[in-house]
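Structure at a glance
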Amino acid sequence: MQIFPAPFLVLAGCLCAGDPGNLVPKTVAEDPSLPAIEVAGTRLHAETFGNPDAPIVMVLHGGPGSDYRSLLPLRALADDGYHVVFWDQRGTGLSQRHDPKDIDLDVYLEDLRLVIEHYSSEQPLVFIGHSWGAMYATAFINQYGDYHGRIKGAILSDPGAFTDEQLRAFIARLTGSVDFTGEQLNDALWAGQFLSPADHARADYQLTLMAMRGTPSEHRDPNNLPPMWRAGAAVRERLLALADSEGFDWTTNLAAFSPRVLFLRSGLNEAEPLEQQQELAASYPSATIITMEGAGHEMIWERPDEYLAHARAYFTEIGFTGGAQ
Amino acid sequence: MKAAILLALGLSLTPLAAHAQDINFGALEERANLVTVSTGLEYGFVFGAGYARALSRDMVLGGDVTLGWAEADLGDFRLRAGGQARLFGRDRWHLIGGLAATVRGTRNDISQMINIGTDAVVLAGYYAPHWFVAGELGFDWALATHVTHDEDYRMAVYADARDGWYGNAGGNLRYGLQGGVSLSRYDVILRAGRLLDVSGNAPMMPIYGTLSVGARF
């Protein structure tokens, strides 16, 4: 809600910050030329690579409120005979925006289930989840187990937490690395005088200002920034607020999940150190941890060949082979 | 250079006079000059300096400059010029109104922005010669913001981002308290309160608080 009526105040000849396509790109709701699918009353930005009849590699991006653009190096797995699926989660990336009140974890879990069904109702699949995406994959597995025997494994890269208690500790480590008198944070605060997050476009733009270089604990390569389509500020705020107010525990049913899970972590990441990943991995009956030494949190973008080599080795170990089934 | 021209243009459009929000009207003398230095938290960690002149005991004109002190970043600045006037008063109870033109700039990871706006404030309180306390209600409106996107943003996020003037880009309502003591020719004034943006939500930094020290001569 705006306090002042925008038409009255907008200056003639000026651009409108809230119009999609000005500060941030249009979503699939505004640009029909973008690749998209429709599930559960929303339009999701999505694209796939490889044979549609092949086993699925379901890629889950981070955030919440980020997108899949920096994970696109994983499309190389299509050359191994997999159907690699990328999609921007509800309310972020180039997917349709919604009133955040209409979004919660149940909606997100149903979205993921319907995205799987959209691409195949029978093919086996493996999740590759990065950061929040690894948490999302775990929430789904906790809810649906191996999903009628179809989920053959998961590669979880730098998940932050599987419970609200772990999340609080993770956020403390993440924010603890931020210099509260430093330029990055103060630039973001200062920008609050110039643009107000009165709509999705402006809110997403402001979040990009905070997120583009990440936190110091993530150790991003400043000379090779991970690309992104568009941040999703409202959904990020909504899901974090719900996690804080309602709590969560996504470990309650993991003991029943028999496939081996690979925790493929970044060695430089200070917010998700080895001990924390060991604690999370212990929630699964069968899990292996591999550390990519010298890699930061954006390891898929920064070190794609090494990441893909680990992914391929894992697929071979669990017997998840490509090619039409 | 372009930013400097915009800045000069913005300043030339405003009356060269006053906004000093940190004034004890109870200690004000006609024709007095006021200089202030301030620091605190207001959209980040800031420090500033201001000058004002009292045209009468009821009206002050002046201006101030504020910079972020995170890393002595000259790219983040705010200039204000305007005035405050006593609108109503009985004994030591006064209602004061103020209006200022604002020009501010920032350079960050995704863009360079120059903004022209206005800041309106109403103060109501008790003003004695040696101390005062007042409620503060203000609205800082970002009338128009010129955005020039950084190459990193175009490379990593959105190549077709549009540079130019954005109208009605935002604004923040503030409400809080201010109070101070005046000893001899010096004032020490504290302001603190909360912020709400135009959508009614708290911005990323939802509070403000400044300490200023002023001298009258």
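Let me sum up the structure you'll find in this document.

Core analysis: the largest hydrophobic core is formed by 48 residues, its most contacted members being Met58, Trp87, Leu112, Phe127, Leu156 and Tyr284 of chain A. When residues of this core are assigned to their parent elements, the largest contribution, eight residues, is made by helix 3 (residues 132-144) of chain A. Among residues more than four places away in sequence, those in contact with tryptophan 87 of chain A are Leu44, His45, Ala46, Met58, Val59, Leu60, His61, Tyr68, Leu112, Val115 and Tyr136 of chain A. Formed by 33 residues, the second largest nonpolar core is a distinct cluster that contains Leu195 and Ala233 of chain A together with Met113 and Leu195 of chain B.

So, on to a nonpolar patch on the surface. Together, Val37, Trp131, Val133, Val181, Leu183, Val188, Leu190, Leu211 and Val213 of chain B line one region of the surface with nonpolar side chains, adding up to about 780 Å² of accessible area. Residue assignment for the nonpolar patch shows that the elements contributing at least two residues are strand 7 (131-149), strand 8 (164-183), strand 9 (186-197) and strand 10 (207-216) of chain B.

Okay, helix 2 (residues 105-119) of chain A next. Residues and elements named next belong to chain A. The end-to-end C-alpha distance of helix 2 is 22 Å, a good match for the 21 Å that 15 residues give at a rise of 1.5 Å each. Along helix 2, the residues classified as buried are Tyr108, Leu109, Asp111, Leu112, Val115, Ile116 and Tyr119. Buried residues in helix 2, looked at end-on, bunch into an arc of 155°, giving them a common side.

So, about the interface of chain B and chain A. Counting residues at the interface gives 58 residues for chain B and 48 residues for chain A. Between chain B and chain A the total buried area reaches about 4,500 Å² when both faces are included, carbon and sulfur atoms providing 62% of it. Across the pair aspartate 109 of chain B and arginine 213 of chain A runs a salt bridge, and its minimum N-O distance is 3.1 Å. Put simply, chain B and chain A have 21 residue pairs in polar contact (both at pLDDT 80 or more) between them. Broken down by secondary-structure element, the contributors of at least two residues to the side of chain B that touches chain A are strand 2 (45-56), strand 4 (73-90), strand 5 (93-107), strand 6 (111-127), strand 7, helix 2 (151-156) and strand 8 of chain B. In the side of chain B that touches chain A, the residues fall into 27 nonpolar, 17 polar and 14 charged.

Here the focus is the pairing of strand 6 (residues 125-130) of chain A. Moving residue by residue along a regular strand, the side chains alternate between the two faces of the sheet. All names here are of chain A. Of all six residues in strand 6, six are buried, a share of seventy percent or more. Strand direction decides the pairing type here: strand 4 (residues 56-60) and strand 6, joined by five bridges, are parallel. For valine 59, the partnering residue across the bridge sits in strand 6 and is isoleucine 128. Where strand 6 and strand 7 (residues 151-157) come together, six bridges link them in parallel fashion. Residue pairing in the sheet places valine 126 in a bridge with glycine 153 of strand 7.

Time to look at the sheet that holds strand 7 of chain A. Residue and element names in this part refer to chain A. Strand order across the open sheet formed by eight strands is 2-3-5-4-6-7-8-9, with mixed pairing between neighbours. What marks the edges here is a single partner per strand, and that holds for strand 2 (36-39) and strand 9 (287-292). The mean angle between the axes of side-by-side strands here comes to 25°, regardless of whether they run parallel or antiparallel. The sheet contacts of helix 2 involve strand 2, strand 3 (42-49), strand 4, strand 5 (83-87) and strand 6, and relative to strand 2 the element is tilted by about 120°.

How each quantity is defined
Residues numbered from 1 in each chain as written. Chains lettered and ligands numbered in written order. Predicted model: local features only at pLDDT ≥ 70, side-chain atom pairs only at ≥ 80, totals over all residues. Heavy atoms only, no water. Core = buried A, V, L, I, M, F, W, Y, C linked by side-chain atoms within 4.5 Å. Buried < 20%, exposed > 50% of the residue type's maximum accessible area, 1.4 Å probe, protein only. Helix = DSSP H or I, 4+ residues; strand = E, 2+ residues; numbered from the N terminus. Contact = heavy atoms within 4.5 Å. Patch = residues over 30% accessible without salt bridge, like charges linked within 9 Å, V, L, I, M, F, W, Y side chains within 5 Å. Areas by Shrake-Rupley, 256 points an atom, 1.4 Å probe, with all protein chains shown as cover. Salt bridge = Lys/Arg side-chain N within 4 Å of Asp/Glu carboxyl O. Expected span 1.5 Å × (residues − 1). Arc of directions from axis to C-beta. Buried area = accessible area lost by both parts, 1.4 Å probe. Polar contact = N/O pair within 3.5 Å; in protein donor to acceptor, adjacent residues only side chain to side chain. Nonpolar A, V, L, I, M, F, W, Y, C, P; charged D, E, K, R; others polar. Pairing = 2+ DSSP bridges. Axes fitted to C-alpha atoms, helices over the stretch in contact; angles between N-to-C directions.

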